[in-house]
Amino acid sequence: MSFLRVEGTKIVDEAGQEVVLRGAGLGGWMMLRRCNDLNDATGWRTSYQVDSTSSGRNDVLTIVPGFPGCEFQVRDALAEVLGDAKADFFFDKFLDHFFAEEDAEFFRSLGLNCIRIAVNYHHFEDDHNPRVLKADAFKHLDRAIAACAKHNVYTIIDLHSAPGGQSGGWHADAGMHRPMFWRHKDFQDRVVWLWKELAERYKDNAWVAGYNLLNEPADPTPNAQGLVNLYDRLSKAIREEVKDERHIIFLDGNTFATDFSGFPDDVRDGGRWPNTAFAIHDYAVEGFPGERGENYEGTPDEVKVIREKYIRKRHWMDERGLCVWNGEWGPVYARKEYEGDATDKINTRREGVLRDQLAIYKEDKLSWSIWLYKDIGFQGMVYVSRETPYMQHFRDFLARKHRLAVDAWGKDDTNVKHIYAPIEQLIRESVADASHLKLYPPIWSVQERITRVSRTMLVAEFLVKEWAEMFRGMDEAKLEEMARSFRFEHCEKREGLNRELRKNAGLD
């Protein structure tokens, strides 16, 4: 066990030996990213990936329980149905069962050595009592870090949701498409406070590889000055005030980890932000539904396209000799309940994309964190069995949510596209100057902005109470049963994905 640090373009241990971090995002655990089970990817991720600078997910996280809306909405709705005590009981048991020592042991068996843990600021402070740590703030995070350490797995703490929302993504847990975090200094002050608390807690823990200060920020200020100023403040708070110099700081680029053009040049050699790696998110459109994904065969020309997009994303860092970390990437997978007989054929192609990306990263000795470890069946290395009480109880609800395409991540809008197309047409016909259709973030097309506002926020919001009502009448024993559905022993393994990860690590 050794503290890790950045040395030039590499991550090394205390003896100066290079360490390549191969890992995964834990998933919607302390950050309930909603996704249907994620979603498909004909949505904003596709526009994101086709963009000249980028390609990827996350609005991540999501993912796990398959609820609609944002985390704060479902927590409030469940409290209305069950009362505060029973709602808290369910979510606490969910956190208990979702990640335990068996998960860490299996994770390590795949040849992986680092888990990125997405956290929501709500776990540490209350909006009505800001800058005061909750009594149980570190209960689950401490447990997860310890379980990983026992099995020689590093952890990276990822602030996935900040007060006011650092982006317009649902995973920012703000319930709106405008990132208010950048408009109110107090929200930023609270993030500085929180990172001081986190760094103070873990500054002597070598199994924490580092701190991913803000997931996929979308700062609309010119040249990302708001984000650069925040990173200055956070680096100073951690390095000088807490005096934590041993942990790596991982900094996402602006506009969903795609744009580093506004970053200062004096970051060379750690002059401004010491011991820092820079995070790209390298989702490949070939690993998602859509024409390119449906036709992918892994030809040299197709692999060349994937590589060229990856090279563009890291170009700014490579020009300056900086360390690059791929904080999120990975294809999504078909499910028999939705894709039917085509499932196996689709997933064979997706595994081909996975294999080709892994080969590119291995050649570059790139440290990476695939999205993700566990979900309910869309992208995870393990996923909750369809036979569990939770999945049986919510089966019809999840199918309807899928048909309505209320999730932004990986959605399939086949059944509803005709309903929203007239809205896009109306907007395009009503705006005389086409340049006025290009709003921030530029990776959101008109169609994607309509998707965000009308489906993933408005329609999803109307489904929140229905999701919560499905818990009505459950006692603690039944709530425990539902939460236990997420235990490792009740999950299935995505064998194709896991086989490729093991091969990449030299275990098969």
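This is a predicted model, so every value here is computed, not measured. (Residues numbered from 1 in each chain as written. Predicted model: local features only at pLDDT ≥ 70, side-chain atom pairs only at ≥ 80, totals over all residues. Heavy atoms only, no water.)

*Asks:* Help me understand unusual backbone geometry, please; the structure alone is not making it clear to me.
*Replies:* Most of the time, phi is negative for any residue but glycine, and the peptide bond is trans. For the bond from Trp371 to Leu372, the omega torsion is 10 degrees, close enough to zero to count as cis. Relative to the helices and strands, Leu372 resides in the loop between strand 10 (367-371) and strand 11 (374-375). Put simply, Tyr440 and Pro441 share a cis peptide bond, and its omega is 0 degrees. By the secondary structure assignment, Pro441 is in the loop between helix 15 (417-430) and helix 16 (446-469). A positive phi angle, near 55 degrees, is found at Ala224, a position not held by glycine. With respect to the helices, strands and loops of the structure, Ala224 is situated in the loop between strand 6 (208-212) and helix 7 (225-241). (Helix = DSSP H or I, 4+ residues; strand = E, 2+ residues; numbered from the N terminus.)

*Asks:* In this structure, what is going on with the pattern of salt bridges? I would like to understand it.
*Replies:* For side chains bearing opposite charge, pairing can occur when the charged atoms are close. In the structure shown here, the tally under the stated rule is 44 salt bridges. Residue Asp265 pairs with Arg320 through a salt bridge whose shortest N-O separation is 2.7 Å. Placement of Asp265 in the loop between helix 8 (254-257) and strand 8 (276-281) and of Arg320 in helix 10 (residues 300-320) is noted, with a sequence separation of 55 residues between them. With relative accessibility at 15%, the residue Arg320 sits in the buried group. One salt bridge in this structure joins Glu286 and Lys309, with 3.3 Å as the shortest N-O distance. Of the two residues, Glu286 sits in the loop between strand 8 and helix 9 (291-294) while Lys309 sits in helix 10, which places them 23 residues apart along the sequence. For Glu286, a relative accessible area of 4% translates into the label buried. (Salt bridge = Lys/Arg side-chain N within 4 Å of Asp/Glu carboxyl O. Buried < 20%, exposed > 50% of the residue type's maximum accessible area, 1.4 Å probe, protein only.)

*Asks:* Sorry, what's going on with the nonpolar core here?
*Replies:* Soluble globular proteins tend to bury their nonpolar side chains together. Within the largest apolar cluster, 116 residues are counted, with the highest numbers of intra-cluster contacts made by Phe99, Leu141, Trp195, Phe278, Met381, Trp467 and Phe471. The greatest single-element share of this core, amounting to eight residues, is contributed by helix 6 (residues 185-202). In this view, Phe278 contacts Leu251, Phe260, Phe263, Val267, Trp273, Trp316, Met317, Leu322, Cys323, Val324 and Trp325; residues no more than four positions away in its chain are not counted. (Core = buried A, V, L, I, M, F, W, Y, C linked by side-chain atoms within 4.5 Å. Contact = heavy atoms within 4.5 Å.)

*Asks:* Any chance you could explain the sheet that holds strand 10 here in plain terms?
*Replies:* Hydrogen bonding along the main chain pairs the strands of a sheet, whether they run parallel or antiparallel. Sheet architecture is closed into a barrel: eight strands sit in the order 3-4-5-6-7-8-9-10, paired in parallel fashion. The sheet shows a mean angle of 25 degrees between the axes of neighbouring strands, direction not considered. (Pairing = 2+ DSSP bridges. Axes fitted to C-alpha atoms, helices over the stretch in contact; angles between N-to-C directions.)

*Asks:* It is not clear to me how the sheet that holds strand 13 (residues 491-493) should be interpreted in this structure. Could you clarify?
*Replies:* What the three strands build is an open sheet, ordered 11-12-13; its pairing is mixed. The two strands at the open ends of the sheet, each matched to only one other strand, are strand 11 and strand 13. In this structure, strand 11 lies alongside strand 12 (residues 382-384), joined through two bridges in parallel fashion. Looking at the pairing, Lys374 lines up with Val382 of strand 12.

*Asks:* It is not clear to me how the state of the cysteines should be interpreted in this structure. Could you clarify?
*Replies:* Two cysteines, two sulfur atoms, one covalent bond between them: this is a disulfide. Scanning all chains against the criterion turns up zero disulfides. Of all cysteine sulfurs in the structure, the one in Cys114 sits closest to Cys148, which takes part in no disulfide; the separation is 8.6 Å. With no disulfide partner, Cys491 has as its closest neighbouring cysteine sulfur the one in Cys148, 15 Å distant. (Disulfide = S-S within 2.5 Å.)

*Asks:* Even after reading the chapter, I still don't get the packing of aromatic side chains, so can you show me in this structure?
*Replies:* The description of an aromatic ring pair rests on the distance of the ring centres and on the angle between the ring planes. Scanning all chains against the criterion turns up 36 aromatic pairs. Arranged with centres 5.4 Å apart and planes meeting at 65 degrees, the rings of Phe90 and Phe91 form a pair that is edge-to-face. Following the ring pairs from residue to residue traces out a cluster consisting of Phe90, Phe91, Phe94, Phe98, Tyr390, Phe394, Phe397, Trp467, Phe471 and Phe486. Taking the ring centre of Phe91 as reference, the NZ or CZ of Arg75 above it sits at 4.2 Å. For the cation-ring pair, Lys374 lies above Phe98, with the distance from its terminal atom to the ring centre recorded as 5.0 Å. (Phe/Tyr/Trp six-rings, centres within 6.5 Å; stacked < 30°, edge-to-face > 60°. Lys NZ or Arg CZ within 6 Å of the ring centre and 35° of its normal.)

*Asks:* In this structure, what is going on with helix 14 (residues 395-404)? I would like to understand it.
*Replies:* Every α-helix winds through 3.6 residues per turn, so residues three or four apart in the chain are directed the same way. Taken residue by residue, helix 14 has Phe397, Leu398, Ala399, Lys401 and His402 as its buried positions. Here the buried face of helix 14 lies against helix 11 (336-339), helix 13 (389-393) and helix 16. Backbone geometry just after helix 14 places Ala405 at a positive phi near 55 degrees.

*Asks:* Help me understand the side chain of Asp158, please; the structure alone is not making it clear to me.
*Replies:* For Asp158, the position within the fold is in strand 5 (residues 154-161). When its relative accessible area of 0% is taken as the criterion, Asp158 is described as buried. Only 2.6 Å separates the side chain of Asp158 from the side chain of His160, close enough to count as a polar contact. (Polar contact = N/O pair within 3.5 Å; in protein donor to acceptor, adjacent residues only side chain to side chain.)

*Asks:* What is the right way to read the environment of Leu322 from this model?
*Replies:* Summarising the element assignment, Leu322 is placed in the loop between helix 10 and strand 9 (324-328). Sequence separation of Leu322 and Ala162 is 160 residues, and the distance between their C-alpha atoms is 26 Å.

*Asks:* What exactly am I supposed to notice about the pairing of strand 7 (residues 248-252) here?
*Replies:* Successive residues of a regular strand alternate their side chains across the two faces of the sheet. The buried fraction of strand 7 amounts to five of the five residues, a majority that puts the element mostly inside the structure. On strand 7, burial covers both faces: Ile248, Phe250 and Asp252 on one face and Ile249 and Leu251 on the other are all buried. Direction of pairing for strand 6 relative to strand 7: parallel, over a ladder of three bridges. If you follow Asn212 over to strand 7, its bridge partner there is Phe250. Between the parallel pair strand 6 and strand 7, the chain is carried across by helix 7, and the sense of this crossover is right-handed. (Right-handed = clockwise from strand over helix to strand, strands pointing away.)

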